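Summary of the model geometry
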Amino acid sequence: MILVVGGAGYIGSHMCRRLAQAGLPFVVFDNLCAGHAEAVASYDLIQGDLRSELDVRTALQRVQPDVVLHFAAHISVGESVREPAKYFENNTAGVLNLLDRLREANVGRFVFSSTAAIFGEPQYVPIDEDHPKAPTSPYGESKLMVERILDAYDVAYGLRSVCLRYFNAAGADPSGEIGEDHSPEEHLIPVAIRAAQGLRPALKVFGTDYPTPDGTCVRDYIHVNDLAEAHLLAINHLRSGGDSRKFNLGNGAGFSVREVIETVSRVVGMPVPHEDAARRPGDPATLIASSARIQNELGWAPKCPDLATIVDHAWNWHRSHPGGFGG
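First, a word on scope: everything that follows refers to the structure included in this document.

Reading the values: the criteria
Per chain, residue numbering runs from 1 following the sequence as it is written. Reporting in this predicted model follows two pLDDT cut-offs: at least 70 for local features of residues, and 80 or more for side-chain atom pairs to be given and counted; totals over whole chains, interfaces and linings ignore these cut-offs and use all residues. Side-chain numbers come from the whole structure's heavy atoms, not from hydrogens or water. Strands are runs of DSSP state E lasting at least 2 residues, helices are runs of H or I lasting at least 4, and numbering of each runs from the N terminus. Only C-alpha atoms enter the radius of gyration; for comparison, a globular chain is expected to reach 2.2 Å times N to the power 0.38, where N is the number of residues. Buried residues are those whose accessible area, probed at 1.4 Å on protein chains only, stays under 20% of the maximum for their type, while exposed residues exceed 50% and partly exposed ones sit between those limits. What makes two residues a contact is simply this: any of their non-hydrogen atoms within 4.5 Å. We get accessible surface area from the Shrake-Rupley algorithm with a probe of 1.4 Å; when it comes to residues, only the shown protein chains can shield them. All tallies of charge rest on Lys and Arg as positive and Asp and Glu as negative; His and the ends of each chain are not included. Note on charges: their place is set at NZ of Lys, CZ of Arg, CG of Asp or CD of Glu. Criterion for a salt bridge: a side-chain nitrogen of Lys or Arg within 4 Å of a carboxyl oxygen of Asp or Glu. Axes here refer to lines fitted to C-alpha atoms; in helices the fit is confined to the stretch in contact. Angles between the N-to-C directions go from 0 to 180 degrees. By the definition adopted for this analysis, an angle is roughly parallel if under 35 degrees, roughly antiparallel if over 145, roughly perpendicular if from 65 to 115, and oblique otherwise. Handedness of a crossing is defined here by the sense of rotation of the near helix relative to the far one, left-handed for an anticlockwise turn of less than a right angle and right-handed for a clockwise turn. Side-chain classes follow a simple rule in which Ala, Val, Leu, Ile, Met, Phe, Trp, Tyr, Cys and Pro form the nonpolar group, Asp, Glu, Lys and Arg form the charged group, and the remainder, Gly included, forms the polar group. Both site types are read off a 1 Å grid over the protein atoms alone. A 1.4 Å probe that fits but cannot get out defines a cavity, while an open set with protein on both sides within 12 Å along at least five of seven lines defines a pocket; lining residues have an atom within 4 Å of a point. Grid points are joined across faces, edges and corners, and a volume is the space filled by probe spheres set on the points. Should DSSP find at least two bridges between two strands, the strands are taken to pair. Think of it this way: a Phe, Tyr or Trp ring, Trp meaning its six-membered ring, pairs with another when their centres are within 6.5 Å, and the plane angle makes it stacked under 30 degrees, edge-to-face over 60, tilted otherwise. Whenever a nitrogen or oxygen atom comes within 3.5 Å of another N or O atom, the pair is scored as a polar contact, on the condition that within protein one atom can donate a hydrogen and the other can accept it, and that pairs from neighbouring residues in sequence are kept only if both atoms are in side chains.

Check the secondary structure of the protein chain and you find ten helices and 14 strands. For 327 residues, the compact-globule estimate of 2.2 N^0.38 gives 20 Å, and the C-alpha radius of gyration of the protein chain, at 19 Å, lies within 12% of that figure. Principal-axis analysis of the C-alpha atoms gives the protein chain an extent of 55 × 45 × 40 Å. Across the 327 residues in the protein chain, those meeting the buried criterion constitute 56%. Excluding contacts between residues fewer than 6 apart, the proportion of contacts in the protein chain whose partners are at least 24 apart in sequence is 76%. As displayed, the protein chain has an accessible area near 13,200 Å², and 50% of this comes from carbon and sulfur atoms. Within the protein chain, one finds 29 positive and 40 negative side-chain charges whose respective centroids are separated by 2 Å.

As structure tokens, this is what we get:
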């Protein structure tokens, strides 16, 4: 049995769908502060908070999982700078509480949603797992702290884990039944789509003078279902006795802000209103992942690396849910 902590969120709900497709039993645990009950309406949901000892202990006693997946983080880099306490409380202390309850319940397998933000300003690209770790935000620090805690818990308590470091999660399930619905929405592809739909003001292009082919930032976009597939492989790795591992997850290719805007406009058939703006502090020019390690060790490879496909799947969701879940 698998417990999916934060399973009602964007990536978590896609993971639940993948687990259901694979015939693997699971239960969702989510406080619904950012997740949506509608996204997991077909699954068993326990409403609770990973910061609560009682909530986590009760869920573990009921579910008795052998693997726990974690998706319950706050994810806004900008907000983490303004409200660091919120991020360290939930993303670090909350996970520490979860890990200690796993120890109590003798659960020894854990898959953690980490992030490319642990690397900070890149010293080279593509970024591999050995790249220096120098986060430039409390968000990145909160995730790196958990990675270090997991290292220590493996040595001391035998808690084996797989840390999956996402680059830019994007897209949606091709069915259009679930998708990305954050409030506020800060990710480029859904912001561009909503701007094209006239549901939000013009998109701001933060910085046009970067050392990139067209002067705008370049990012590595990875389809959310490809992320889910990596989690499935991580579960199998741990269940087969594999040791703790850390993997970067990306397409290994980058797309600029202008390329994303052009692709969204072409896919949705409407222009994306946008305007140039000053650079945002802390935005690196280029972030591209090397996923060679997980490809070599677990046999993972992105099935939807094409930007137009990623945007098309996101568009399927947004055009049928212009107001998000329930809208």
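Each neighbour pair has its own omega, and for Val125 with Pro126 the value is -5 degrees, a cis peptide bond. Relative to the elements of secondary structure, Pro126 occurs in the loop between β5 (109-115) and α5 (138-157). Not every positive phi belongs to a glycine, and Leu32 is a case in point at roughly 60 degrees. You can see Leu32 is positioned in the loop between β2 (26-30) and β3 (45-47). Residue Gln64 is not a glycine yet carries a positive backbone phi of 50 degrees.

On to the pattern of salt bridges, then. Evaluated as defined, the whole model comprises 23 salt bridges. Between Arg293 and Glu129 there is a salt bridge, and its shortest N-O distance comes to 3.8 Å. Pair noted here: Arg293 is in helix α9 (residues 292-298) and Glu129 is in the loop between β5 and α5, with a separation of 164 residues, a long-range link. Taking relative accessible area as the criterion, Arg293 reaches 23% and is therefore assigned partly exposed. In this structure Glu129 comes out as buried when scored by relative accessible area, which is 7%.

Across the interface, helix α6 (residues 188-197) lies against helix α10 (residues 307-320) with an axial gap of 10 Å and an inter-helix angle of 55 degrees. Relative to α10, the element α6 is oriented oblique. Taken as a pair, α6 and α10 cross one another with a handedness that is right-handed. Facing α6, whose interface residues are Ile189, Pro190, Ile193, Arg194 and Gln197, α10 presents Leu307, Ile310, Val311, Ala314, Trp315, His318 and Arg319. Classifying every residue of the contact of α6 with α10 by side-chain character gives eight nonpolar, two polar and two charged.

Right, let's talk about the layout of surface pockets for a bit. Roughly 180 Å³ of internal volume is contained in the second largest pocket. Taken together, 14 residues form the lining of the second largest pocket, with Arg18, Gln21, Asn225, Asp226 and Glu229 sitting closest to its centre.

Spatial strand order, β12-β9-β14: three strands in an open sheet with mixed pairing. Each end of this open sheet is capped by a strand with a single partner; those strands are β12 (255-256) and β14 (286-287). Sheet topology places strand β9 (residues 218-219) next to β14; two bridges connect them, and they run parallel. Following the sheet pairing, Arg219 is matched in β14 by Leu287.

Moving on: the packing of aromatic side chains. Counted under the stated rule, the structure contains five aromatic pairs. With a centroid separation of 6.5 Å and an interplanar angle of 85 degrees, the aromatic rings of Tyr87 and Tyr139 are classed as edge-to-face. Of this pair, Tyr87 sits in helix α4 (residues 84-104) while Tyr139 sits in helix α5, and the two are 52 residues apart along the sequence. Of the two residues, Tyr87 and Tyr139, both sit in the buried class. For the ring pair Tyr153 and Tyr157, a centre distance of 4.9 Å and an interplane angle of 85 degrees mean the geometry is edge-to-face. In this pair, Tyr153 and Tyr157 are both assigned in helix α5, four residues apart and thus about one turn of the helix distant.

Before going further, it helps to spend a moment on the environment of Ser114. As for its placement among the helices and strands, Ser114 is situated in strand β5. Separated by 40 residues in the primary sequence, Ser114 and His74 place their C-alpha atoms 12 Å from one another. Setting aside residues up to four positions removed in sequence, Ser114 forms contacts with Lys143, Glu147, Leu164, Arg165 and Tyr166. Reaching out from Ser114, the side chain makes a polar contact with the side chain of Glu147 at a distance of 2.6 Å.

Remember, this is a structural readout, not a statement about activity or role.
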